Every structure is written in C-alpha cells, then in structure tokens.
Amino acid sequence: MVVRNLVLVLLFVTVVAPIVLYTDRLGTFKTSSSSRDEFVEDVTTVALNGHNERLNVLPQESATTIKEPIRIVYSDTSTKSLPNSDDLDLQDTHIAVSGQVESRSTRVLSTTEEEEQDQRTNLIREVTDSLEEANDSNEHDTDTTTHKDIGEDTIDADDQADQSSDNASQDTQNMEIKYQQQSTKHEQQNTQTPSKVKKERIKPDTSIQNDQTAMPDARVRQLKDQIIRAKVYLSLPATRNNPHFTRELRGRMKEVQRVLGDVRKDSELPRNAYDKLKAMEQTLAKGKQLQDDCASVVKKLRAMLHSTEEQLRVHKKQTIFLTQLTAKTIPKGLHCLPLRLTTEYYTLNSSQHDFPNQEKLEDPQLFHYALFSDNVLAAAVVVNSTITYAKDPSKHVFHIVTDRLNYAAMRMWFLANPPGKASIQVQNIEEFTWLNASYSPVLKQLGSQSMIDYYFRAHRANSDSNLKYRNPKYLSILNHLRFYLPEIFPKLNKLLFLDDDIVVKKDLTALWSLDLKGNVNGAVETCGESFHRFDRYLNFSNPLISKNFDPHACGWAYGMNIFDLDQWKRQNITGVYHRWQKLNQDRQLWKLGTLPPGLITFWKRIYPLHRSWHVLGLGYNPNVNQKEIDRAAVIHYNGNMKPWLEISIPKYRNYWTRYVDYDHLYLRECNINP
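Residues numbered from 1 in each chain as written. Predicted model: local features only at pLDDT ≥ 70, side-chain atom pairs only at ≥ 80, totals over all residues. Heavy atoms only, no water.

S.K.: Would you mind showing me how to read the sheet that holds strand β11 (residues 614–615) here?
M.R.: To summarise the sheet geometry, strands pair through backbone hydrogen bonds and adopt either a parallel or an antiparallel arrangement. Taken together, the three strands give an open sheet; going across it, the order is β7-β12-β11, and neighbouring strands pair in mixed fashion. Either end of the sheet is taken by a strand with one partner, and the two such strands are β7 (502–504) and β11. Pairing between β7 and strand β12 (residues 634–636): three bridges, direction antiparallel. Across the sheet, the residue bridging to Ile502 is His636, located in β12. (Pairing = 2+ DSSP bridges. Helix = DSSP H or I, 4+ residues; strand = E, 2+ residues; numbered from the N terminus.)

The following block contains the structure:
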C-alpha cells in the first residue's frame, strides 16, 4: 500500500504536474501570440503615398481586430497619448505599441507631407493670383495715365519722374507682407487636417515671358556682359599667370566681338551667335574656377564702374553741348534758301516789290496775326497752315517782322508764293526808328559789354547751366518785339501772336470773339507740373521778387497768345516791362529770355485759355498725348528739336513737312528734302 502511494506520487510529480504547468503556460503563450499577430499585421501593412498595401514577403494573416489608426502625430515625449491595452503583458505591450506608433507615424507623416504640400501650393496660388491682379491694375492705370503738357518756350524741358517704379515696389512690398501673413497662418494650422481642399488650376505666370518679349536685345546684352566679364578676368593675376587660358579667353572675346559688330537686336545676330555664347560661357566658367582672390575681383569691378561713370558724365556733357550747338546752327539748305531768294528779289523791278491788299493792313475788323522770325521756311509753314483751316482767308492779315539780313528773302518768298486771298505784310526791324537804346532798356543791355562778356567769354563756355542761354535768339531784338505790339500796330485793337515753330491745325477766328474780362493776354496755363510755376523762372531769393510774386503761381505759354491792345495801352504794359528790365540790369532777378519778364509784366493780367487751343512739347517730348495733338488748334515745337532740324522727333515731323512744297524750285536748288 505504501509502495503504491509512493508510485502514484512520483507519477503525479513526473507526469501530471508538467501537464498542468504546461497547460497554464500555453494559455499565456496564446495571449502573447495575439499581440504578435497584431505587430505582424502592422508591419505587413505599409502606407505608401497614402495607399495601404501588404508586403508579400511576410505571412498574410488576417487582422480583424486591428482598427485603422487615428491620424494623430504623437510626440516622442508624450506618453499619455499612447493607447492602453489591458490584455497585453508588459513586454508584449511595449512591442505592440512600438509597432503601432511606427506604423501610425509612417501613415501620418505621409499624410502630413501631402497636406503641407497642398497648403504651400494654395499659398503660392494665392500670391501669384494677387500679383496678376496687381499687374492687371497697374497696366490699366498705365494705359489711362496721360502726359501733362509743358508750357515754356525759353527753358529746356525737364525729365518727368516715372512713378511706375514706385508703384511696382509698393506692390511688391504688399505682396511680401501678404505672403508672410499667409505663411504664419498656415504654420499655425499645420497640425490640422483640412476637411476639403479647393482644387484650382494654377495660372501660368506670363510675366517672365512678357519681359522676354519686351526685351528684343536680351541675347545682345548677354554677349556684351560676357565681354565685360572676360575683361575683368584678363586683368586679374590668376589669369595672367595662365598663358593657355589667356589665349583661349582672348580668342573667345574676338569671336564674340565679331558676332556683335553693330548689332542692336537679337534678330540681327548671325546664326552661330548662340554657339559662340555657349563657348564663351564655358571659357568664363574655367576662369571662375581659376580665381581664388575675391578681393581683386571686387577691386577691379569697382575700378571699371568708376571709369564707366566718368565716361558717362563726359558723354552727357558732350551731348548737352552738341544739342545746343545743333539748335543754334542753321542747316546748309536753310542758309542757302535766303541767299537764293535775296538774289532773286533784287533782280525784280521796283514795281514788283509791293504786296496786294495793302489797305487791309490797318483794318481792325479783320483777323490780324503777328509773326517775328528770321526763318523763311518756318514762317511759310505758319502762314500756310493757318490759311488751310481759315473759314474766310480773305479776312486774315499776316504781319511778319524780320531782320535786315532776311528782309529781302522773306519778301521774295511771299511774292513768289502768295498766301491765297489772305493779305501779308513784311517789315524790317531796322525801319522801327523809335526802337533804340534810349527807349528800350533791353536793347541797351544787349549791346552792353557785360552782355558780350556773358555770351562770349571763354571760361563760361564749359558751364552747362548757361549753355541754353547763349542761344542767338536771346541776343536778337526780334525775340523782344512781343513787348512792343501797340507801338508796332498802333491802329489795331486785337492781335494774335504766333511763334515761328508752331503749326495751326484748326480755324482760329473764335479767339477774336473771346471776352478777356479786362485782361491783356489770353494764354494757355502750364501749371500742370511743378517746374512750370514762377519759382522755376524767377529768383525768389531776391526781395524784389519774393515780395511781389507768388512762387507757386501758374506759368503760361508763349507761342499762341491773343492780346487786347486797348487794355495793353490802358494798363501801360510796355512801361511795366521797361521798369522791370531796368531792375534786372545785372541779371539777378532772372536770366535771359522772354518768358520770365513776360510772367512779371503780365502778372494778374492773364486770361486762361482751354488747353486744346495750344499743345506744347513737340520739340523735346516724344510722349505728348496723341489725343491732345489731334484735338489741338495749335501744336508747338518748343525745345531744341525743331522740325526743320535733323534732330527733330520723327513722329512729329510730318505735321510740319506737309505744309512745305519740297518740289519748289528754290528748295530743290538748295537741296532741302523732307
């Protein structure tokens, strides 16, 4: 019995006990295996570009208990956000959670990158759309902006400031601020998943293409820049120490220079230009690798910049001088014409020297014009254009006053080319015996030694500020006759004054019926720009000027002025002019010219005309509004680029040349061509 019990105990210990222990451990293993299955399921499921796919290498097991992870990015330091599992052992739980976090991180990072990319795309789209809207509005504003006309005849035109660069910079700043605000906003929302992404087609940015099409010389500029870079490299020590590269670079420079020649546009370049450009670029890349001293490169570039600026300054000075010289110089044809006409005039009989309709010269009921000029062809254009648009040419009378040298030529021209039914008178300024130095202060000043020194002293020849004042018209009394109209035409009550550099485009008879309201001078004001106000012409540092005039008062234009000669006499305008001329004997109140004394003499005696009567700027401004030219009654070539000179603005020249008969015998003999 004892033996039997002992055998049973041993059997229990050796057989039953291991079975019981093994069964308990088997339950634990099954629980652990579920976590293993979950880990394997997570590993085999990989998120690629937002698509869940399985890896074929690992066993394909079902994972019915695995739910799709919530798309939340867990930080490394956050432990509270990790999921808890009550049915996992500590070690297995750590493995499972690690697998889940890794899998979820993979999916969430992929999704986050896509969302951030969509946000950046939307942000770029918003900025580019805003830029396009700004560009469209700028183009619209530019199209609707018109240039303001200038109105002075004796002062050269100033450059107008371009506001487009300021507007562009302001728009750029606004876009940058908006971009920064949008970027900050998206950075704050980068952890949020957008519920809906608005899909739009990104508009192509055509600004670069527009810039390229607007620059027809882009490749020419690139070739010129390559030559400049090559010159810099040749002057550096590293290049001089490499004879092989120096020879290669010099050869490339010669090739590029031959390609360029006198080319100004890309369309004029030869076919091999692009190959030469690429070859030069490769050589320059070699030169860049040779340079190891940036300080030498910077020093050389600064020296070249300084030299270029100095050359530019010299060229600008030469341009100013040559422009003024060209404006003073009479072309050969215009010098030949008066000589030819004078010779012809003195071959006529004395009975042929008189003009018809002399009885109309003093009739106040007719339309009288005053023109003071020594340019025969210019005077002819003024008369011809006026008669062309006159409703009744027989009621128009032209009074031309010229100097002694051109008197015979001027008479001969209008004797040979009478102005239709209109009447004409040509007078010699030498016949005005009353106009002498004792009566006219300006005539006395023009003949003074100080005035001669001012014009002809050598040390003043290099003064840029005085070049325009040494134009011969300032030395001519013809330019000052406009202040003596009642003395020249004592029996007239109204007179239209015209410069010889104007063209008439409409009938002007309505000017005689205007009521000037007690004023003397009817003129177009030119206060649209700041430099056409009184402080531009007068010296307001002098108390005589500052006490009597307003520096911000509007200027006005000579060239086409309707004068009430009755009011002129009543207000003693000539006496006012003489008084101020005497005060300006030392030229401290204003420089030379007729507009500054005109502003003073007719102060508060101006009747403003509508701007369409008189459009200025065709002698210096290539951007005069075309609509204003078309509506104008008179267009004025004030400035140095007169229409009879080679330096005239081509697109305005036709308005003047249409009134010149270039087939005329005298013009062909003097080789005067359009």
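Once the structure has been displayed, the description carries forward.
S.K.: What should I look at first to understand the environment of Lys582 in this one?
M.R.: Mapped onto the elements, Lys582 comes out in helix α20 (residues 573–583). Each C-alpha atom of the pair Lys582 and Ser440 lies 9.5 Å from the other, and the pair is 142 residues apart in sequence. Beyond its immediate chain neighbours, meaning those up to four positions away, Lys582 contacts Pro441 and Gln445. (Contact = heavy atoms within 4.5 Å.)

S.K.: What is the right way to read the side chain of Thr657 from this model?
M.R.: Looking at the secondary structure, you find Thr657 in helix α23 (residues 650–657). Among the polar contacts made by the side chain of Thr657, one reaches the main-chain carbonyl oxygen of Asn654 at a distance of 3.5 Å. (Polar contact = N/O pair within 3.5 Å; in protein donor to acceptor, adjacent residues only side chain to side chain.)

S.K.: So what exactly am I meant to see when it comes to the packing of aromatic side chains here?
M.R.: The description of an aromatic ring pair rests on the distance of the ring centres and on the angle between the ring planes. Per the counting criterion, the structure on display carries 23 aromatic pairs. Judged by centre distance (6.1 Å) and plane angle (70°), the rings of Phe497 and Tyr558 are edge-to-face. One end of the pair, Phe497, is in strand β6 (residues 494–498); the other, Tyr558, is in the loop between α18 (543–548) and β9 (560–564), and 61 residues separate them in sequence. A single burial state applies to Phe497 and to Tyr558, both of which are buried. A centroid spacing of 5.9 Å and a plane angle of 50° characterise the contact between Trp644 and Trp656, whose relative ring orientation is tilted. (Phe/Tyr/Trp six-rings, centres within 6.5 Å; stacked < 30°, edge-to-face > 60°. Buried < 20%, exposed > 50% of the residue type's maximum accessible area, 1.4 Å probe, protein only.)

S.K.: What's the story with the packing of helix α7 (residues 243–260) against helix α8 (residues 273–290) in this structure? I'm lost.
M.R.: In helix packing, the relevant descriptors are the interaxial angle and the interaxial distance, both defined with respect to the helix axes. Close contact between α7 and α8 brings their axes to 10 Å; oriented N to C, the two are set at 150°. As judged from the angle between their axes, α7 and α8 are roughly antiparallel. Considering how the two elements wind past one another, α7 and α8 form a crossing that is left-handed. Contacts between α7 and α8 pair Phe245, Glu248, Leu249, Arg252, Met253, Glu255, Val256 and Val259 from the former with Ala273, Lys276, Ala279, Met280, Thr283, Leu284, Lys286, Gly287 and Leu290 from the latter. Residue composition of the contact of α7 with α8, grouped by class: ten nonpolar, two polar and five charged. (Axes fitted to C-alpha atoms, helices over the stretch in contact; angles between N-to-C directions. Parallel < 35°, antiparallel > 145°, perpendicular 65-115°, else oblique. Left-handed = near helix turned anticlockwise from the far one by under 90°. Nonpolar A, V, L, I, M, F, W, Y, C, P; charged D, E, K, R; others polar.)

S.K.: Sorry if this is basic, but what is going on with the nonpolar core here?
M.R.: Taken as a class, soluble globular proteins show a tendency for nonpolar side chains to be buried jointly. In terms of nonpolar packing, the biggest core is built from 66 residues, with Leu337, Phe414, Leu496, Leu508, Leu618 and Trp656 touching the most fellow members. Sorting elements by how many residues they give to this core places helix α11 (residues 376–389) first, with nine residues. Counting 44 residues, the second largest nonpolar core, distinct from the first, contains Phe372, Leu492, Phe549 and Tyr558. (Core = buried A, V, L, I, M, F, W, Y, C linked by side-chain atoms within 4.5 Å.)

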